[in-house]
Amino acid sequence: MAHQHGGKVAEVAERRRAADAAAGRVAADIVLSGGRIVDVLSGRLLPGDLAIAGARIAAIGDVTHCIGPTTEKIDYAGRFILPGFIDPHFHTGFSQVTIERLAELIVPQGTVALSTCFYESAAIGGLRAVEEQLERAKGTGLDVLLSPFHASALNLGEFGCTRRFSLEDMKALLDRPECVELREWSDAVRQLPVPGIAETWEHAIRRGHVIGGHLEGLSGAALQAAAAQGVCSDHEAITPEEALERVKLGIYVQMREGSSTQDMVRLLPAITEQGANPALFSVCSDEQELHDLADDGHLDGKLRTLVRHGLAPIDAVRLVTLNAARSLGVERDYGAVTPGRFASLVVVDNLADFNVLATFAKGKLAARDGQYLLERSTRPYPEAFTGTVKLGRTFRAEDFALPIKDGAARLRAIHMRPSYLETRELHLDLEIARGSVVGGPARDIAKLAVADRHEASGRLSVALTHGFGVRRGAFAATINAGIMNLFVMGVDDADMALAANRIAELDGGIVVVEGGEVVAELPMPVLGILSHAPLEDSLAAMRGVANALKTRIGSPHKGLVPMAGFACLAVSIPELKLTDRGLVRVERSGARRYVPLLVGDAPASHALQAV
């Protein structure tokens, strides 16, 4: 399926201009000379020059006939010219900044396109919020390959959020020229008792979009049923065996390497040791926080890791370029340095460190030596995108007391393993005093509270967690997988209340509290999940948050905020989750049931309908 970004009319004009330059009828705009082209199609390094005409590559090799008096010549002798990097599965909300600010950070790192759904924004601000960000992405050097996600359109009222985005809105996004994919599909989704859900898949098929999967834990018949529906990619494999089963069915494995989940190195032996064809592998972030993007790199950082763990450099480059483009159906425009593709290119100094020296975005020099060169947007977001954190109450310390009598009790706890998304259900024998666990921090037990932030209902639920490494204080956030409610995790009730109330004052964000003091915070007032402040300010604030989570809260785990957020996702990925209405046991089949905090109590409510 040819990517329709910019429309067919624009593509015709772009290709005509590139062809005329390639034939020598008109002069190229830019010639990159002296470098070595990483040819991901043949797997070779090609010495030669490269001519750019407008947005597209005109010619490679001997391009002297393309040069005219107006052609700009840039010498990259001894450097390597790569296709621009593509992230095939990225959730922008977890980056903590608006799409414009995200571009300012990752375009200098070589990323020229990413597939994203904006589902977080859709759930809060509806279709208008998605359309606003699509428009703002234009001209940033970062192409949005739109991949709508059905979760935004499901009736999640049971989980504390009224519907602001419908399946009709989903179809409207599927009709947009930026759209390339229907995201996170499986046979179980098509079988949901939700009127219109299967029709969105049919609509995507008719439009020629690829179908991206969410195949967590699936194998055998369920996996093959997904493949039969056209699912051609999956970002949820966590073992080499799962990866091999997927590629055998022609499903691209998008090896995930984000802030809270790191599967890439675990999956790599499927290629390096078990001989799987690397052509069916790519890498993705899924979620990656702002400070990690800045400090570890985006796809450039993943390239360094792949090569360090034994993958051949050109194969590694294929994973973040050609293979990613193929998995999204956009190979005609992206993924290789060859005539007709977009002149979205990366220049690096070597094929081990992948230090990005320059990024070209559709023929424009967008970044050089780590500096973003395009215009930075200062236009504020509409007022309708603020004031979205509606709690309906001021919190007190006693609101975070466990609703359990003092004494011995067997309680459920949400257990998280670092770098995995699945949350296990533990039954723990504990001593309760004044609504807290005696000796909780020493046993790696902390409280998790979830409050409704959408309807000002005042709803709040409190439960227990295990494995998050929280030893002191508390932290709170309004960005998390699923419904973007306010969550607070901590071991001190007063600190939990202070963190929650400070979030309300900021109109969304991340707050860290210890000893009755706010020690770090990142305001995110755009929809309560994004910062539009200058990138440098947001980055400094987020680094302060990350440092405080380690030094003041005591957790050693990377990606603690998204880790905690996935404990609130009572829609998919088993097993025990917390919503503003209580604990929910989630099964891979899609069934969900409220369960009580106290083991042995009657169920807190009826079985939930699959949504």
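As shown above, the structure is provided for reference.
Residues numbered from 1 in each chain as written. Predicted model: local features only at pLDDT ≥ 70, side-chain atom pairs only at ≥ 80, totals over all residues. Heavy atoms only, no water.

A. Inspection of the overall build of the protein at higher detail. Along the protein, the regular secondary structure elements total 17 helices and 32 strands. Over its C-alpha atoms the protein spans a radius of gyration of 24 Å, differing by no more than 12% from the 25 Å that the globule rule assigns to 611 residues. Expressed along its principal axes, the backbone C-alpha trace of the protein runs to roughly 85 × 50 × 45 Å. Per-residue burial for the protein yields a buried fraction of 63% across its 611 residues. (Helix = DSSP H or I, 4+ residues; strand = E, 2+ residues; numbered from the N terminus. Rg over C-alpha atoms; globule rule 2.2 N^0.38 Å. Buried < 20%, exposed > 50% of the residue type's maximum accessible area, 1.4 Å probe, protein only.)

B. Molecular detail of the pairing of strand β27 (residues 509–514). Along β27, 6 of the 6 residues are buried, which leaves the element largely enclosed by surrounding structure. What you see with β27 is no split at all: Gly509, Val511 and Val513 on one side and Ile510, Val512 and Glu514 on the other are buried throughout. Pairing of strand β25 (residues 474–477) with β27 involves 4 bridges; the strand directions are antiparallel. By the bridge assignment, alanine 474 is partnered in β27 with valine 513. Across 6 bridges, β27 lies against strand β28 (residues 517–523) in antiparallel orientation. Bridge pairing links valine 512 to alanine 520 in β28. Two successive antiparallel strands, β27 and β28, enclose a turn made up of 2 residues, where glycine 515 displays a positive phi of approximately 65°. (Pairing = 2+ DSSP bridges.)

C. Seen up close, the pattern of salt bridges. Tallying each qualifying case throughout the model produces 48 salt bridges. A salt bridge links glutamate 135 to arginine 176, with the shortest nitrogen-to-oxygen separation between them at 3.3 Å. On the criterion of sequence distance, the pair formed by glutamate 135 in helix α3 (residues 119–137) and arginine 176 in the loop between α4 (167–174) and β11 (181–185) is long-range, its members being 41 residues apart. Residue classification places glutamate 135 among the partly exposed positions, given a relative accessible area of 41%. Overall, arginine 176 belongs to the buried group, its relative accessible area being 16%. Where arginine 459 meets aspartate 580, a salt bridge forms, and the shortest distance between an N and an O atom there is 2.6 Å. (Salt bridge = Lys/Arg side-chain N within 4 Å of Asp/Glu carboxyl O.)

D. Quick look at the sheet that holds strand β5 (residues 56–61). One open sheet holds the 4 strands; their spatial order is β5-β4-β1-β6, and the pairing between them is mixed. Here the strands that pair on one side only, and so sit at the sheet edges, are β5 and β6 (72–75). With direction set aside, neighbouring strand axes in the sheet form an average angle of 20°. When strand β1 (residues 30–33) meets β6, the two strands line up parallel, connected through 4 bridges. Bridge pairing in β6 places serine 33 opposite aspartate 75. Here helix α1 (residues 7–22) sits on the sheet in contact with β4 (49–53) and β5, set at roughly 25° to β5. (Axes fitted to C-alpha atoms, helices over the stretch in contact; angles between N-to-C directions. Contact = heavy atoms within 4.5 Å.)

E. View of the environment of leucine 45. Mapped onto the fold, leucine 45 is located in strand β3 (residues 44–47). The exposure class assigned to leucine 45 is partly exposed, which follows from its relative accessible area of 34%. Measuring from C-alpha to C-alpha, the distance between leucine 45 and isoleucine 81 comes to 9.5 Å, with 36 residues separating the pair along the chain. When sequence neighbours within four positions are dropped, the list of residues in contact with leucine 45 reads Ile37, Val38, Phe80, Ile314 and Leu351.

F. Structural context of the sheet that holds β28. Ordered in space as β22-β21-β20-β24-β23-β26-β25-β27-β28, the 9 strands form an open sheet in which the pairing is mixed. Edge positions in the sheet fall to β22 (436–437) and β28, since each has one partner strand and no second. In terms of strand pairing, β25 meets strand β26 (residues 486–490) through 4 bridges, oriented antiparallel. Paired with alanine 474 across the bridge in β26 is glycine 490. Contacting β22, β23 (445–451), β25, β26, β27 and β28, helix α15 (residues 493–506) runs over the sheet at an angle of about 150° to β27. The strands touched by helix α16 (residues 535–551) are β25, β27 and β28; relative to β28, the strand with the most contacts, the crossing angle is about 140°.

G. Representation of the nonpolar core in the model. Core analysis: the largest hydrophobic core is formed by 134 residues, its most contacted members being Phe475 and Val488. The leading source of residues in this core is α3, at 9 residues. In this structure, valine 488 is in contact with Phe400, Lys447, Leu448, Ala449, Ala474, Phe475, Ala476, Met496, Ala499 and Ala500, ignoring residues within four places of it in sequence. Counting residues in each nonpolar core, the second largest holds 35 residues, with Val247, Ile314, Phe354 and Val356 among its members. (Core = buried A, V, L, I, M, F, W, Y, C linked by side-chain atoms within 4.5 Å.)

H. Structural context of unusual backbone geometry. The amide bond that connects proline 574 to the next residue, glutamate 575, takes the cis arrangement and shows omega of 25°. Take glutamate 575: it is sitting in the loop between α17 (560–566) and β29 (576–579). The backbone of phenylalanine 118 shows a phi angle near 55°, a positive value even though the residue is not glycine. Overall, phenylalanine 118 belongs to the buried group, its relative accessible area being 0%. Even without being a glycine, arginine 434 presents a positive backbone phi close to 55°. Structurally, arginine 434 can be placed in the loop between β21 (423–433) and β22.

I. Highlighting α16. In this model α16 runs 24 Å from its N-terminal to its C-terminal C-alpha over 17 residues, within 8% of the 24 Å that 1.5 Å per residue would give. Where α16 is buried, its residues meet α2 (99–106), α11 (290–296), β25, β27, β28 and α17. (Expected span 1.5 Å × (residues − 1).)

J. The arrangement of the pairing of β23 in detail. With 7 of its 7 residues buried, β23 lies for the most part within the structure. Alignment of β23 against strand β24 (residues 460–466), held across 7 bridges, turns out to be antiparallel. In the strand pairing of β24, lysine 447 is matched with leucine 464. Sheet topology note: the β23/β26 ladder contains 5 bridges and is antiparallel. Within β26, the residue paired with alanine 451 across the bridge is leucine 486.

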